[in-house]
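The chain contents come next:
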Amino acid sequence: VSQQVLEQVLSELQPLCTSEQQFLQEFFWLGCDSVELQALEVRVSTVSSAAPSPSLAHPWEEATTQLLSEIFSCLEPELRAFLDVCNKVHPLGCLQVLVTLSDSVFGTWGPSSAPSSSFLHALLGNVLLLAKSNFNKCIGTLCKEMEEARAPSRMRGGILPCVSRFQEVLAFSQEVLRTSRRRAELDKAQLRLASSVFSSINSLSSANLKVNTDMVMMENFHHIHDFLCQRNIPCLEGKKREAKQRSREHLEKYVTTCVGQPLERLKHFFEGVKARLAQGVKEEEVSFQLAYSKQELRKVIEKYPGKEVKRALETLYRTIHKHLSPEENLLPVVWQAMEQGFIRQYREFEDLIQRCYAGAGIALDFTMEDLLSYFNSITMSN
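These figures come from a predicted structure and were not determined experimentally.

## Section: the layout of surface pockets
Reasoning step 1: Approximately 290 Å³ is the volume attributed to the largest pocket.
Reasoning step 2: What lines the largest pocket is a set of 16 residues, among which Val 255, Thr 256, Val 259, Gly 341 and Arg 344 lie closest to the centre.
Reasoning step 3: Secondary-structure elements contributing two or more residues to the lining of the largest pocket are α10 (237-258), α11 (264-278) and α14 (331-356).
Reasoning step 4: Among the elements that line the lining of the largest pocket, the one with the most residues is α14, at six residues.
Reasoning step 5: A per-class count over the lining of the largest pocket returns six nonpolar, three polar and seven charged.

Below, the structure written as structure tokens:
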């Protein structure tokens, strides 16, 4: 509403100032080399210098502008006061004001409606500077709020408040700019906001969350990427790609953290085997290490019969379900990534057995086909 009122005010000011300018020129014969013009130039030289006074080519133009400044001396203070009201009506009212004034000053309403009065054009230019300053302050405040935001103490996952706020601001700004060609200031502001919300997500601490930090970060970066894919915002293409990359990175970190839990003792055993190989122990000599003998490996394998592995995977599935928010519907994506992680881990275990325990007749209690059937069964039953 405030934007419409401002547009109406500006549209009515233009013909008013133009008609007043024409009257002054005709009444005082401005534009003619006359005694009246010389007398008028002396008079206007005493007018307050605070009014807009652009550098003009002709004395009569300067005389007209000075007279208009005196007649409309209250106009700029009133416009500034009105801008303050617009800013208070809506949290992002300063954006509406900036777009409306920019369109007016730079003539995007059309040539016929562009300010023809140099006095009005200079005045609106001054007010536009104020609007830009107000907008920059507003964006600065928003950025600070996002960067300093902390996840609620009882938060159990889902989209962070700063991400939701970022989405609201972008959606509103795109709606305001739908019919405007002036994007320079907004592009800079959107980049600043995106950097601030990314910084806020990156600073998440596990101490502030009741669930896995990587999962919260993955979901929020995924949410931002998904939102930006729905919007055509050229200046944020780089941020969209970054959000996708960060989401993938945190998913991989989560999988890496969780994939060893159902087979924890096996994972620990083979990590020791890899450490010995890295230290220079030959593959055929690993089984002669007391802690990594064939007998010790068989003991560990006995702890993981197929049915126990499946039960552990079911527990992991429930844990992942708790870590994720239902709104984002990322459970299938995470579960598939977890399956791929388990396949890689299984192949690594088999490879180490073949290399370091060849001919010993040792094998895991479950096969690759068993592992795939476990995952499939859990997926189908949930």
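## Let's talk about the environment of Leu 83
Reasoning step 1: Mapped onto the elements of the fold, Leu 83 is located in helix α4 (residues 75-89).
Reasoning step 2: In this structure, the C-alpha to C-alpha distance between Leu 83 and Val 97, residues 14 residues apart in sequence, is 7.0 Å.
Reasoning step 3: For Leu 83, the contacting residues outside a window of four places in its chain are Leu 6, Val 97, Leu 101, Val 127, Leu 130 and Ala 131.

## Points about empty space enclosed by the protein
Reasoning step 1: Within this structure, the stated rule accounts for two cavities of 30 Å³ or more.
Reasoning step 2: As a volume, the second largest cavity reaches approximately 40 Å³.
Reasoning step 3: If you trace the second largest cavity, you find it lined by Leu 92, Leu 95, Phe 135, Ile 139, Val 169, Leu 170, Ser 173, Leu 186, Gln 190 and Leu 193.
Reasoning step 4: Among the elements of the structure, α6 (118-148), α7 (161-176) and α8 (184-202) are those that each provide at least two residues to the lining of the second largest cavity.
Reasoning step 5: Its residues assigned to classes, the lining of the second largest cavity comprises eight nonpolar, two polar and no charged.
Reasoning step 6: Looking at which domains feed residues into the lining of the second largest cavity, each of domain 1 (1-26 + 63-107 + 117-147) and domain 2 (157-251) gives three or more.

## Some thoughts on the packing of aromatic side chains
Reasoning step 1: Tallying each qualifying case throughout the model produces eight aromatic pairs.
Reasoning step 2: Measuring from ring centre to ring centre gives 4.8 Å for Trp 335 and Phe 375, while their planes differ by 45°; the resulting arrangement is tilted. Highlighted residues: Trp 335 in helix α14 and Phe 375 in helix α15 (residues 368-380), separated in sequence by 40 residues.
Reasoning step 3: Here Phe 375 falls in the buried class, since its relative accessible area comes to 1%.
Reasoning step 4: Through a chain of ring-to-ring contacts, the aromatic side chains of Phe 269, Phe 270, Tyr 292 and Phe 349 assemble into a single cluster.
Reasoning step 5: For Lys 239, the ring lying beneath its charged end belongs to Phe 198, and the centroid distance is 5.0 Å.

## Examining the nonpolar core
Reasoning step 1: Judged by nonpolar contacts, the single largest core of 55 residues is most densely connected at Leu 101, Leu 124, Phe 135, Phe 166, Leu 193, Val 197 and Ile 224.
Reasoning step 2: Elements supplying a minimum of two residues to this core: α1 (2-27), α4, α5 (93-105), α6, α7, α8 and α9 (213-230).
Reasoning step 3: Ranked by residues supplied to this core, first place goes to α6 with 13 residues.
Reasoning step 4: Excluding residues within four positions of it along the chain, Ile 224 makes contact with Val 163, Phe 166, Val 197, Phe 198, Ile 201 and Ala 243.

## Notes on the state of the cysteines
Reasoning step 1: For the structure shown, the criterion picks out zero disulfides.
Reasoning step 2: Cys 94 supplies the cysteine sulfur nearest to Cys 138, a cysteine that is in no disulfide, at a spacing of 3.6 Å.

## A word on helix α12 (residues 294-302)
Reasoning step 1: The set of residues buried in α12 consists of Leu 297, Val 300 and Ile 301. Mapping the buried residues of α12 onto a view down its axis gives an arc of 100°, with all of them on the same face. Across from the buried face of α12, at angles greater than 90 degrees, the exposed residues are Gln 295 and Glu 302.
Reasoning step 2: As for α12, its buried residues are in contact with α11 and α14.

Thresholds applied
- Residues numbered from 1 in each chain as written.
- Predicted model: local features only at pLDDT ≥ 70, side-chain atom pairs only at ≥ 80, totals over all residues.
- Heavy atoms only, no water.
- 1 Å grid on protein atoms, 1.4 Å probe; cavity = no way out; pocket = protein on both sides within 12 Å on 5 of 7 lines; lining within 4 Å.
- Points joined across faces, edges and corners; volume = space filled by probe spheres on them.
- Helix = DSSP H or I, 4+ residues; strand = E, 2+ residues; numbered from the N terminus.
- Nonpolar A, V, L, I, M, F, W, Y, C, P; charged D, E, K, R; others polar.
- Contact = heavy atoms within 4.5 Å.
- Domains from an automatic or database assignment.
- Phe/Tyr/Trp six-rings, centres within 6.5 Å; stacked < 30°, edge-to-face > 60°.
- Buried < 20%, exposed > 50% of the residue type's maximum accessible area, 1.4 Å probe, protein only.
- Lys NZ or Arg CZ within 6 Å of the ring centre and 35° of its normal.
- Core = buried A, V, L, I, M, F, W, Y, C linked by side-chain atoms within 4.5 Å.
- Disulfide = S-S within 2.5 Å.
- Arc of directions from axis to C-beta.

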